[in-house]
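What follows is each chain in one-letter form.
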Amino acid sequence: MQQAPPDAHERFLGSMLGGALGDALGFAVEFHSMDKIRERHGAAGLTEPAPAQEKAEISDDTQMMLFTLEGLIRAHVARRMKPVDNDPVPEVQHAYQRWLHTQGRSWAESAGPYAVHLAEPDGWLITERGLFATRAPGNTCMTALIGFARTHRQASQDNAINDSKGCGGVMRAAPVAVWSHDPAEVFHAAVGVAALTHGHPSGYLSAGVLAVIVHQLIRAVPLPDAVRLARDLLLRWRGHEEQLRSLDAAVELAAEGIVAPERLEERLGGGWVGEEALAIGLYAALAAPDVRDALRLSVNHSGDSDSTGMVCGNIVGALHGDRALPPEWLDVLELREVVTALSQDALVEFSPAPPTNATWSTRYPAW
Ligand SMILES: [Mg+2]
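Residues numbered from 1 in each chain as written. Predicted model: local features only at pLDDT ≥ 70, side-chain atom pairs only at ≥ 80, totals over all residues. Heavy atoms only, no water.

Q: Which parts of the structure should I look at to understand the overall build of the protein?
A: Summing up its helical and strand segments, the protein has 17 helices and 0 strands in all. What you see for the protein is a C-alpha radius of gyration of 19 Å, in line with the 21 Å of a compact globule of 367 residues. The principal-axis extent of the C-alpha atoms belonging to the protein is close to 55 × 45 × 40 Å. Looking at the 367 residues of the protein, the share that counts as buried comes to 61%. (Helix = DSSP H or I, 4+ residues; strand = E, 2+ residues; numbered from the N terminus. Rg over C-alpha atoms; globule rule 2.2 N^0.38 Å. Buried < 20%, exposed > 50% of the residue type's maximum accessible area, 1.4 Å probe, protein only.)

Q: Looking at this structure, I do not really get the UniProt feature "binding site: Mg(2+) 2" (unreviewed entry) in the protein. What am I missing?
A: Sequence positions flagged by UniProt for "binding site: Mg(2+) 2" (unreviewed entry) are, in local numbering, D304. Checked against the element boundaries, D304 lands in the loop between α13 (291–299) and α14 (305–320). Each residue touching D304, except ones within four places of it in the same chain, is listed here: E30, C167, G270, G271 and W272. (UniProt positions renumbered as here; feature names shortened; annotations may be inferred. Contact = heavy atoms within 4.5 Å.)

Q: Would you mind going over the environment of V338 with me for this structure?
A: Within the element layout of this structure, V338 appears in helix α16 (residues 336–349). Between the C-alpha atom of V338 and that of P51, which follows or precedes it by 287 residues, the distance is 21 Å. The residues touching V338, leaving out its near neighbours within four places in the chain, are L66, W124, L125 and E128.

Q: Help me understand the coordination of the magnesium ion, please; the structure alone is not making it clear to me.
A: Four donors placed tetrahedrally around a metal ideally meet at 109.5 degrees, and six donors placed octahedrally ideally meet at 90 or 180 degrees. The magnesium ion binds to the protein through S59 (OG), D60 (OD), D61 (OD) and D306 (OD), with metal-donor distances spanning 1.9 to 2.5 Å. For S59, a relative accessible area of 0% puts it in the buried group. Given a relative accessible area of 4%, D60 falls into the buried group. (Donors = N, O, S within 2.8 Å, 3.2 Å for Na, K, Ca; no water.)

Q: Can you help me understand the nonpolar core in this one?
A: In a soluble, globular protein the nonpolar side chains are often hidden away together inside. Counting residues in each nonpolar core, the largest one holds 116 residues, and the members touching the most others are V176, F187, I213, Y283 and I315. Sort the elements by how many residues they give to this core and helix α8 (residues 201–218) lands first, with 11 residues. The residues touching F187, leaving out its near neighbours within four places in the chain, are L205, G208, V209, V212, A230, L233, L234 and W237. Formed by 5 residues, the second largest nonpolar core is a distinct cluster that contains A111, Y114, L118 and F148. (Core = buried A, V, L, I, M, F, W, Y, C linked by side-chain atoms within 4.5 Å.)

Q: So what exactly am I meant to see when it comes to the packing of α8 against α14 here?
A: When two helices pack together, their arrangement is given by the angle between the helix axes and the distance between those axes. Direction vectors running N to C along α8 and α14 enclose 15°, while the axes themselves pass 8 Å from each other. With respect to each other, α8 and α14 are oriented roughly parallel. Relative to α14, α8 is oriented so that their crossing is left-handed. Contacts from L210, I213, V214 and L217 in α8 reach V311, N314, I315, A318 and L319 in α14. (Axes fitted to C-alpha atoms, helices over the stretch in contact; angles between N-to-C directions. Parallel < 35°, antiparallel > 145°, perpendicular 65-115°, else oblique. Left-handed = near helix turned anticlockwise from the far one by under 90°.)

Q: I'm lost on helix α3 (residues 60–81) in this one. Help?
A: For the α-helix, the turn length of 3.6 residues means that residues three or four positions removed from each other point alike. With 22 residues, α3 extends 32 Å from end C-alpha to end C-alpha; this agrees with the ideal 32 Å at 1.5 Å per step. For α3, the buried fraction is high: 20 of the 22 residues fall into the buried class. (Expected span 1.5 Å × (residues − 1).)

Q: Is there a simple way to explain the packing of aromatic side chains in this structure?
A: The geometry of an aromatic ring pair comes down to the distance between the two centres and the angle between the two planes. What the rule picks out here adds up to 5 aromatic pairs. With a centroid separation of 6.1 Å and 75° between ring planes, the pair formed by W179 and F350 is classed as edge-to-face. Taken together, the positions of W179 in the loop between α6 (139–151) and α7 (183–194) and F350 in the loop between α16 and α17 (358–363) put the pair 171 residues apart, joining distant regions of the chain. With a relative accessible area of 2%, W179 lands in the buried category. A cation over a ring is seen here: R79 above W179, with NZ or CZ 4.5 Å from the ring centre. One Lys or Arg, R129, reaches over the ring of F132 and ends 4.1 Å from the middle of that ring. (Phe/Tyr/Trp six-rings, centres within 6.5 Å; stacked < 30°, edge-to-face > 60°. Lys NZ or Arg CZ within 6 Å of the ring centre and 35° of its normal.)

Q: Even after reading the chapter, I still don't get the UniProt feature "binding site: Mg(2+) 1" (unreviewed entry) in the protein, so can you show me in this structure?
A: When the UniProt feature table is mapped onto this chain numbering, "binding site: Mg(2+) 1" (unreviewed entry) sits at S59, D60, D61, D306 and S307. The greatest C-alpha distance among the residues just named is 9.4 Å, despite their covering 249 residues of sequence, which places them together in space. With respect to the secondary-structure elements, D61 resides in helix α3. Apart from the residues within four sequence positions on either side, D61 is in contact with D23, M171, D306, S307 and M310. Polar contacts involving the side chain of D61 include one to the side chain of S59, which spans 3.0 Å. (Polar contact = N/O pair within 3.5 Å; in protein donor to acceptor, adjacent residues only side chain to side chain.)

What follows is the structure, given as structure tokens:
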């Protein structure tokens with residue numbers, strides 16, 4: 001009997017869990033060359049996230065994806081109270097300062113302007129002790145958030161904080177797919193969120209493209225059409241040329257099917273920068289019809305495997321829904337319950353009838 005196709009909720013949950021799975025799979029080999037990966041894991045490379053009974057550790061990519069989603073939920077609660085406020089970026093900045101606090105810094109050092117109102121960080125996500133783990137956090141993100149705590153100045157694409165196009169913007173961008181029904185608004189919001197830490201167009205436009213692809217997949221649009229729409233929106237932005245070339249290269253390489261890691265690196269790069277991480281993750285999702293194969297393809301190369309795994313997982317999870325994710329991989333995924341709970345809360349908040357009770361506003365304070 002054929003299973004019903006996944007609904008929008010299953011696709012969103014799949015995107016978040018799939019991203020965390022790809023991140024965890026890739027984190028194990030993030031700083032390893034392909035030769036070293038083969039030496040350690042065999043000719044096929046890394047094929048499973050962790051031996052049974054052990055946890056597959058997530059990295060800063062999943063941590064920041066979660067804080068992005070939490071910031072969006074809180075921004076939406078705020079928008080319900082004040083509908084003219086349609087900008088989620090300040091709430092996401094605030095959420096990132098909470099993430100900074102999880103990375104071994106006091107709240108007073110992390111909070112910047114938010115310390116005025118809050119002696120301690122608020123909301124439930126920050127109470128999850130499992131998030132207080134240091135997993136090779138990206139320098140660009142750390143430096144930008146530490147800078148915000150000091151200067152109180154929110155960076156944007158027009159007031160760039162640096163010239164970085166590291167993949168720290170795109171790796172956390174998929175949750176922005178829930179922000180609006182309008183894909184152009186999603187693109188814009190994802191750009192704003194990424195530009196908090198990354199000032200080069202390829203650092204933030206890659207985030208816009210990924211968020212729109214996920215947005216379309218959740219609406220059951222076929223992946224090639226989702227990519228085409230994201231590409232059309234990309235063309236409207238200044239400085240899109242590099243991101244465009246990389247996006248087109250990913251689509252072209254996918255026509256060759258599953259290629260060797262060396263070929264992937266030669267055509268798409270190593271994924272350390274935004275446009276390449278997007279290209280590798282997307283290529284893997286396009287080239288491999290099977291979820292496991294796509295995730296394996298996305299992390300087995302000499303580049304930034306956790307972020308390319310994250311992007312691939314965001315896409316294949318939205319494409320196939322959470323039911324299609326490997327159950328034995330989910331069983332060992334660290335923070336699986338936190339990813340699931342937060343994603344389900346997002347679906348409730350972005351539903352036609354979000355909660356109005358005090359428990360909800362304690363969980364997701366808006367101000
Ligand atoms: Mg990482």
